[in-house]
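# Structural features, examined
One letter stands for each residue in the lines below.
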Amino acid sequence: MTDIKSMNLGELTAYLTENGFEKFRAKQVLSWIKQDVADFDGMTNLPQKLREFLKADAYLACADIVRVQRSKIDDTVKYLFRLYDGEYVEGVLMQYHHGRTMCISSQVGCKMGCTFCATGKSGFSRSLTASEMIAQIRSAELDCGERISNVVLMGMGEPFDNYDNVIRFLKLVSSEDSLHIGMRHITVSTCGIVPRIKDFADLELQCGLSVSLHAPNDEARSRTMPVNRRYPIREVMDASRYYVKKTNRRITFEYALIDGENDSDAVARELAQLLKGFLCHVNLIPVNNVTGAGYRKSSIQRQQAFVNILSAAGINATVRRTLGSDIDASCGQLKRNFMKGDV
Ligand code: SAH
Ligand code: SF4
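The structure displayed is predicted, hence computed values, not measured ones.

### Overview of the overall build of the protein
Regarding its fold elements, the protein presents 12 helices and 14 strands. For the protein, the spread of C-alpha atoms along the principal axes amounts to about 70 × 45 × 35 Å. Relative to its full complement of 343 residues, the protein shows a buried share of 56%. Across the protein, the fraction of contacts at a sequence separation of at least 24, relative to all contacts at a separation of at least 6, is 66%. If you sum the accessible surface of the protein, you get close to 15100 Å²; carbon and sulfur atoms cover 48% of it. Treating the 44 positive side-chain charges of the protein as one cloud and the 40 negative ones as another, the clouds have centres 3 Å apart.

### Focus: the site of ligand 1
Contacts to ligand 1 come from 20 residues, most closely from Phe116, Ser189, Ser212, His214 and Asn288. One of the backbone nitrogen or oxygen atoms of Phe116 is found 2.8 Å away from a nitrogen atom of ligand 1. Within the backbone of Asn288, one N or O atom sits 2.9 Å away from a nitrogen atom of ligand 1. Coverage of ligand 1 by the protein amounts to 96% of the 530 Å² it exposes when considered alone. Taken together, the residues of the shell around ligand 1 sort by class into 10 nonpolar, 8 polar and 2 charged.

### As for the packing of helix α7 (residues 194–203) against helix α10 (residues 233–247)
Where α7 contacts α10, the axes come no closer than 9 Å and their chain directions differ by 5°. As judged from the angle between their axes, α7 and α10 are roughly parallel. For the pair formed by α7 and α10, the contact residues are Val194, Ile197, Lys198, Phe200, Ala201 and Asp202 on the first element and Glu235, Val236, Ala239, Ser240, Tyr242, Tyr243, Lys246 and Thr247 on the second. Across the contact of α7 with α10, the residue classes tally to 8 nonpolar, 2 polar and 4 charged.

### Things to note about the site of ligand 2
In the vicinity of ligand 2, the contacting residues are Cys110, Met112, Gly113, Cys114, Cys117, Gly120, Gly157, Glu158 and Cys191. Broken down by class, the residue content of the shell around ligand 2 amounts to 5 nonpolar, 3 polar and 1 charged.

### A look at the sheet that holds strand β3 (residues 64–70)
With mixed pairing, 10 strands are arranged side by side in an open sheet as β3-β4-β5-β6-β9-β10-β11-β12-β13-β14. Edge positions in the sheet fall to β3 and β14 (317–319), since each of these pairs with one other strand and no more. The mean angle between the axes of side-by-side strands here comes to 20°, regardless of whether they run parallel or antiparallel. Here strand β4 (residues 77–82) pairs with strand β5 (residues 88–96) via 6 bridges, running antiparallel. Across the sheet, residue Tyr79 finds its bridge partner in β5, namely Gly91.

### Points about the packing of helix α11 (residues 265–275) against helix α12 (residues 300–312)
Remark: α11 packs on α12, axes separated minimally by 9 Å, with the N-to-C direction vectors making an angle of 30°. It follows from the interaxial angle that α11 and α12 lie roughly parallel. Read as a crossing pair, α11 and α12 show a hand that is right-handed. Across the interface between the two elements, Asp265, Val267, Ala268, Arg269, Leu271 and Ala272 of α11 pack against Arg302, Ala305, Phe306, Ile309 and Leu310 of α12. Within the contact of α11 with α12, the residues separate by chemical class into 8 nonpolar, no polar and 3 charged.

### Here we look at the confidence of the model for the protein
Per-chain confidence: the protein averages 94 in pLDDT, with 98% of residues scoring 70 or above. A low-confidence stretch, residues 339–343 stays under pLDDT 50, and its non-local contacts, those more than four residues away or across chains, total 4 contacts.

### Thoughts on helix α1 (residues 9–18)
All buried positions along α1 are accounted for by Leu12, Thr13, Tyr15 and Leu16. Buried residues of α1 fall within an arc of 165° about the axis and therefore sit on the same side. Its side-chain oxygen at 3.2 Å from the backbone nitrogen of Gly10, Asn8 defines the N-terminal cap of α1. Gly20, located one to two residues past α1, shows a positive phi value of around 90°.

### Comments concerning the domain arrangement of the protein
In terms of domain boundaries, the protein breaks down into domain 1 (2–59) and domain 2 (64–342). Buried area between domain 1 and domain 2, summed over both chains or domains, comes out near 900 Å², and the portion from carbon and sulfur atoms is 46%. Of all residues in domain 1, the largest losses of buried area upon contact with domain 2 belong to Ser6, Lys34 and Asp36, amounting jointly to 46% of the total for that side. Taken together, domain 1 and domain 2 are joined by 2 salt bridges. In this structure, the salt-bridge partner of Arg168 is Glu11, at a minimum N-O distance of 2.9 Å. Joining domain 1 to domain 2, the criterion identifies 7 residue pairs in polar contact (both at pLDDT 80 or more). The set of elements that each furnish at least two residues to the side of domain 1 that touches domain 2 consists of α1 and α2 (25–34). Across the side of domain 1 that touches domain 2, the residue classes tally to 4 nonpolar, 2 polar and 5 charged.

The rules behind these values
Residues numbered from 1 in each chain as written. Chains lettered and ligands numbered in written order. Predicted model: local features only at pLDDT ≥ 70, side-chain atom pairs only at ≥ 80, totals over all residues. Heavy atoms only, no water. Helix = DSSP H or I, 4+ residues; strand = E, 2+ residues; numbered from the N terminus. Buried < 20%, exposed > 50% of the residue type's maximum accessible area, 1.4 Å probe, protein only. Contact = heavy atoms within 4.5 Å. Areas by Shrake-Rupley, 256 points an atom, 1.4 Å probe, with all protein chains shown as cover. Lys, Arg positive; Asp, Glu negative; His and termini not counted. Charge placed at Lys NZ, Arg CZ, Asp CG, Glu CD. Near = heavy atom within 4 Å. Polar contact = N/O pair within 3.5 Å; in protein donor to acceptor, adjacent residues only side chain to side chain. Nonpolar A, V, L, I, M, F, W, Y, C, P; charged D, E, K, R; others polar. Axes fitted to C-alpha atoms, helices over the stretch in contact; angles between N-to-C directions. Parallel < 35°, antiparallel > 145°, perpendicular 65-115°, else oblique. Pairing = 2+ DSSP bridges. Left-handed = near helix turned anticlockwise from the far one by under 90°. pLDDT = per-residue confidence, 0-100. Arc of directions from axis to C-beta. Domains from an automatic or database assignment. Buried area = accessible area lost by both parts, 1.4 Å probe. Salt bridge = Lys/Arg side-chain N within 4 Å of Asp/Glu carboxyl O.

Take a look at the structure:
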C-alpha cells in the first residue's frame with residue numbers, strides 16, 4: 001500500500017500521473033490531507049475513478065489518540081497513539097513560555113537497550129513512517145486546539161536507526177505542503193550512531209541536534225549504553241565536532257544524572273575535560289524513574305556540584321526541569337507495552 005501522506009507535492013504528482021490521472025489532482029489531494037480528511041471518500045472533488053484507485057492502492061496514515069493523560073503539576077499532556085496497524089506509540093505535549101513543544105516518537109520501541117530507559121527495556125517492533133511522525137503532531141494540535149511551534153524527536157525510538165524516514169519527516173514537516181514548522185524549531189536526539197551523525201551534518205539542515213552522552217569515558221558509557229561498544233566516545237565526539245563545523249550550530253549533550261553512577265566530582269571533571277573548547281550545551285537530566293532499572297536521581301546537592309564544576313571549566317550546563325513526572329511523561333519513561341486495560 002502506498003503511504004501518500006509521506007509524499008511531497010512532486011512525488012504525489014508523479015505517483016498520480018504515472019497511474020493515469022491529471023497532474024492538478026495532486027494539489028487537490030494534498031489540500032484534503034491538510035484538512036485532516038479521514039478517508040478517500042471524503043475527498044469529494046476527486047472523480048470516483050481516482051477515489052477508487054486510491055482506496056485500492058494507498059492509505060492515509062494516522063496516529064489516533066486513544067488515551068490522554070494530563071499532568072496535575074504542570075501543563076504537560078501525554079498521548080497514547082494508535083497507528084494504522086494497531087501498534088502504539090506515545091507522545092508528549094509540553095507548554096513552555098515560548099510556545100508548545102511536542103515530543104514525538106520515531107519508532108515503536110527501540111533496539112538500543114540503554115539500561116536507564118523504559119523504551120529500551122520494552123523491545124522493538126518497527127520504525128515509523130514520516131507521515132506517522134507528522135500525524136502525532138497534528139493529532140495533538142487538534143486535541144489542544146493550538147498550533148505546535150516546536151518539535152523534538154525525543155520520544156520512543158532512536159531517530160538515526162530510522163534515518164531515511166526521519167529525514168523525510170524533517171523535510172516534509174518544515175515545508176508549506178505540510179505543517180510548515182521551521183527546521184530551527186526541530187531537534188533530533190541520538191544515542192550516537194556515528195555514521196548517521198556525519199550524514200546528517202552533510203545535509204546542513206539547520207535542525208537542532210542533541211547527543212545523549214551520559215558518561216565521559218567508554219567504560220562507564222558502555223555500562224549503561226550498549227551502543228557505545230559499537231561507536232565509542234572518541235568517534236561520537238569526532239562526529240559531533242564535524243556537525244558543529246558543517247552547520248555552525250551548537251550541539252546539546254544530554255546527560256542523565258544517576259546517583260552513584262555518573263555524578264561524582266571526578267566524573268564531572270572528566271566530562272569538563274572531554275568537552276573543553278567545544279561549541280556545546282550540557283543538558284543535565286536528573287534520571288527519571290524507570291521500573292526495574294534500579295537507578296535513583298542524584299541529590300540536589302550533587303546536581304549543583306556537577307553544574308558548578310562544568311561551569312567553572314567554562315562549559316555551559318543547566319539542569320533540565322522535569323515535566324509531567326506524575327504521568328510518566330518524562331525523558332525515558334515512554335514505553336511500548338501497554339496493559340490491555342490501559343486503552
Ligand atoms: N533515542 C534517542 C532519543 C530518545 S530518548 C536518544 O537516546 O537520544 C530522549 C532522551 O532521554 C535521551 O537523551 C535519553 O538518553 C534520555 N533518557 C532516557 N531515559 C532516561 C531516564 N530514565 N531519565 C532521564 N533521561 C533519560
Ligand atoms: Fe533508545 Fe534513546 Fe531509550 Fe537509548 S535512551 S533505549 S537510544 S530511546
